[in-house]
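# Coordinate inspection notes
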Amino acid sequence: MNVEVTRLPGIGVRKDFPIKGLRRRIGVIDHKDGTIYLIVSKADNPEATDQIPLSATEAAVLANLLGAPQLVAQLREEHRELDGVNTRQFSILEGSPYDGRRLGETEMRTRTKASIVAIMRGGAVIPSPGPDFTFAAADLLVIVGTTEGLDAAARILTNG
Amino acid sequence: MVANTTALALIQLGAVLFGLGLLGRIAARIGMSPIPLYLLGGLLFGNGGLVELHHVDEFIHLASEIGVILLLLLLGLEYNAAELVTGMRRSWPAGLVDIFLNATPGVLVALALGWGFTGAVTMAGVTYISSSGIVAKLLDELGRLGNRETPVILSILVFEDLVMAGYLPVLTAVLAGVSLLAGLQTLGVALLALTVVLVVALRFGRYVSALVASADNEIFLLKLLGCALLVAGVASSVQVSAAVGAFLLGIAISDSTAENATKILEPLRDLFAALFFVLFGLTTDPASIPPVLGWACLLAVVTTATKVGTGWWAAKRAGASRYGRVRAGTALVAHGEFSIVIAGLAVASGAVPIEFAALATTYVLLMAIVGPVAARVVEPILVWSDRRGVREA
């Protein structure tokens, strides 16, 4: 993929790429003051763009949303031969019982036989988090287990 | 008696600042730059205006000097040397077209009014320079930062700002009425300084940054402001113009130091620059406006057309569509702080006639209003006329 990087003097850096078959561009502007703009060019006027300012947290959440499905798909592909093993993503919502608590406290492995294999935070992957890892709202958990195990994990994460 | 004078000065200064705050609020409400309103405020309270202020003259005078230095220092901070060099390399043809198309109307009007060489050089600058502050803000507000034509507009602005660094020393020399030889010498010094600063900033920018940087806000502010005033003072004592000195210092400071410096200096700049605009309005006699009003309108119409032409041509070279071209053209129309900086230098030197300040004020008032309006309405108008064209065909 060819990402076009353009300096915008006095403003920041624009990075965008064309979307195949749509004659449109999508990308971001890294503003000097730290704001990130999501930019999408308009369908009827491809040189003009819509710009959506995102705070650091909002950008991180969006990056999680975009990155997690890919990670899940990749893991699913890896243990496709193992019957009964599945991968799913769960999010720690604001006000979830585990927001601000440690991974160990879920006792996930003991209670469901499923394991938390990765966490997406701020658009970055944290692989195999230990029991001391502290959850925060907007974290995306990638969990591997049997279908029943994953259902149980979902119940634990929402109800405690 | 002394206490009384101080009290009066405080009351007047307070009234001026509070008044500016109210004007700024009105400007923000209607989504325009506050600069034209500050000028209007100055006109109202100055010589021949509604109320005359005398007790704060000295303070406002020095404050406005600091205002110019801070305006240029922050302009320099916006850029780093690499941006300037690449911007320059990419945009010089458009930059030259920009100079030719937009300085010429100013020169012609100054000559027509019989202001001679000095007036011509000054008016050239007033009509040439777009307001990078207003334009950048406009692009952000209208959501055009990601547009294809935006880098073209920005690189023209970069070019203009660099030209300012060469132009201001020439202007200072011309205004001081020095001989051609001395003038060339001044220009030589300025260009040499610019080159040295660019090279130093490209290679050793972090050392300059490290010199002024400090984790403590108070120390940082003192070092920064002290440096800026020192450099500006030295530059002005060798006739290079204080503003250029500050601009060069701004360029030499880079990266995170520059970002922090911008944050810490912005409110100070807003305060002192506002006083600068007020002073310019104060020294302009409202009664001198009507005779030059016609010329100001003519200049506004002509330079709106030439700025649009410049942007159109530059965007076309970059392969933009018709919409992109008119967007680029109208974005460049707004004039503001730097036209007034140039005019302010001229008025302070006393080398230009009284009508000059009136013409410059009226012109900038017009362009600061026309610019943002033009940038907003031109695209919808073009879309509408295209649709009509399609329907009729």
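Below you will find a few notes about this structure. (Residues numbered from 1 in each chain as written. Chains lettered and ligands numbered in written order. Predicted model: local features only at pLDDT ≥ 70, side-chain atom pairs only at ≥ 80, totals over all residues. Heavy atoms only, no water.)

## Re the side chain of H335 of chain B
Residues and elements named next belong to chain B. By secondary structure assignment, the location of H335 is in the loop between α13 (322-331) and α14 (337-349). A relative accessible area of 0% places H335 in the buried class. Side-chain polar atoms of H335 contact the backbone oxygen of T127, separated by 2.8 Å. A distance of 3.4 Å separates polar atoms of two side chains, one belonging to H335 and the other to Y363. With residues up to four places along the chain from it excluded, the contact list for H335 reads V126, T127, Y128, I129, S130, S131, I134, K307, Y363, V364, M367 and A368. (Helix = DSSP H or I, 4+ residues; strand = E, 2+ residues; numbered from the N terminus. Buried < 20%, exposed > 50% of the residue type's maximum accessible area, 1.4 Å probe, protein only. Polar contact = N/O pair within 3.5 Å; in protein donor to acceptor, adjacent residues only side chain to side chain. Contact = heavy atoms within 4.5 Å.)

## Points about the sheet that holds strand β9 (residues 140-145) of chain A
All names here are of chain A. Across the sheet, 4 strands lie side by side as β6-β9-β7-β8; this open sheet has antiparallel pairing. Sheet topology places β6 (86-91) and β8 (124-127) at the edges, where each strand pairs with a single neighbour. Strand after strand, the sheet turns through a mean of 25° between neighbouring axes, direction not considered. Here helix α1 (residues 56-78) sits on the sheet and contacts β6, β7 (115-121), β8 and β9; the angle it forms with β6, its principal contact strand, is near 165°. Here helix α3 (residues 147-159) sits on the sheet and contacts β6 and β9; the angle it forms with β6, its principal contact strand, is near 10°. (Pairing = 2+ DSSP bridges. Axes fitted to C-alpha atoms, helices over the stretch in contact; angles between N-to-C directions.)

## Some words on the pattern of salt bridges
Considering all chains together, one arrives at 19 salt bridges over all chains under this definition. Here D30 of chain A ties to K15 of chain A by a salt bridge, and the two come within 2.7 Å at their closest N and O atoms. Of this pair, D30 of chain A sits in strand β3 (residues 24-31) while K15 of chain A is found in strand β2 (residues 12-19), placing the two residues 15 residues apart along the sequence. D30 of chain A sits in the partly exposed class, given a relative accessible area of 28%. In this structure K15 of chain A comes out as partly exposed when scored by relative accessible area, which is 33%. Across the pair R269 of chain B and E266 of chain B runs a salt bridge, and its minimum N-O distance is 4.0 Å. Of this pair, R269 of chain B and E266 of chain B both sit in helix α11 (residues 255-282), 3 residues apart, which is roughly one turn of that helix. Connected through salt bridges with shared partners, the residues R144, E149, R327 and E379 of chain B form a single ionic network. (Salt bridge = Lys/Arg side-chain N within 4 Å of Asp/Glu carboxyl O.)

## Let's talk about the sheet that holds β2 of chain A
Residues and elements named next belong to chain A. In spatial order, the strands read β1-β2-β3-β4-β5; together these 5 strands make up an open sheet with antiparallel pairing. Strands at the two margins of the open sheet, each flanked by one partner only, are β1 (4-8) and β5 (49-54). Adjacent strand axes in the sheet meet at a mean angle of 20°, parallel and antiparallel pairs treated alike. In terms of strand pairing, β2 meets β3 through 8 bridges, oriented antiparallel. When the bridges of β3 are listed, P18 appears paired with R25.

## Examining the packing of aromatic side chains
All names here are of chain B. On inspection of all chains with the given rule, the structure shows 3 aromatic pairs over all chains. Aromatic side chains W115 and F356 sit 5.7 Å apart centroid to centroid with 65° between the ring planes, which places their arrangement in the edge-to-face category. Linking W115 in the loop between α4 (81-112) and α5 (116-128) with F356 in helix α15 (residues 354-392), this pair joins segments that are 241 residues apart in sequence. The class for W115 is buried, based on a relative accessible area of 10%. By relative accessible area, which is 0% here, F356 ends up buried. (Phe/Tyr/Trp six-rings, centres within 6.5 Å; stacked < 30°, edge-to-face > 60°.)

## Considering the pairing of β7 of chain A
All names here are of chain A. Where β7 lies against β9, 5 bridges are found, and the strand directions are antiparallel. Following the sheet pairing, A118 is matched in β9 by V142. Inspection of the sheet shows β7 paired to β8 by 4 bridges, in the antiparallel sense. Counterpart to M120 in the pairing with β8 is V125.

## Section: the packing of α13 of chain B against α15 of chain B
All names here are of chain B. The N-to-C vectors of α13 and α15 enclose an angle of 160°; their axes lie 8 Å apart at closest approach. When the axis of α13 is compared with that of α15, the two are roughly antiparallel. Both α13 and α15 take part in a crossing whose hand is right-handed. In this structure, α13 contributes R322, Y323, V326, R327, T330 and A331 to the contact, and α15 contributes G371, A374, A375, V378, E379, L382, V383 and D386. (Parallel < 35°, antiparallel > 145°, perpendicular 65-115°, else oblique. Left-handed = near helix turned anticlockwise from the far one by under 90°.)

## What to know about unusual backbone geometry
Residues and elements named next belong to chain A. The backbone of K113 shows a phi angle near 65°, a positive value even though the residue is not glycine. Examined against the element boundaries, K113 turns out to sit in the loop between α2 (108-112) and β7. One non-glycine residue with positive phi stands out, namely A138, at about 85°. Note that A138 resides in the loop between β8 and β9. Owing to a relative accessible area of 34%, A138 belongs among the partly exposed residues under this scheme.

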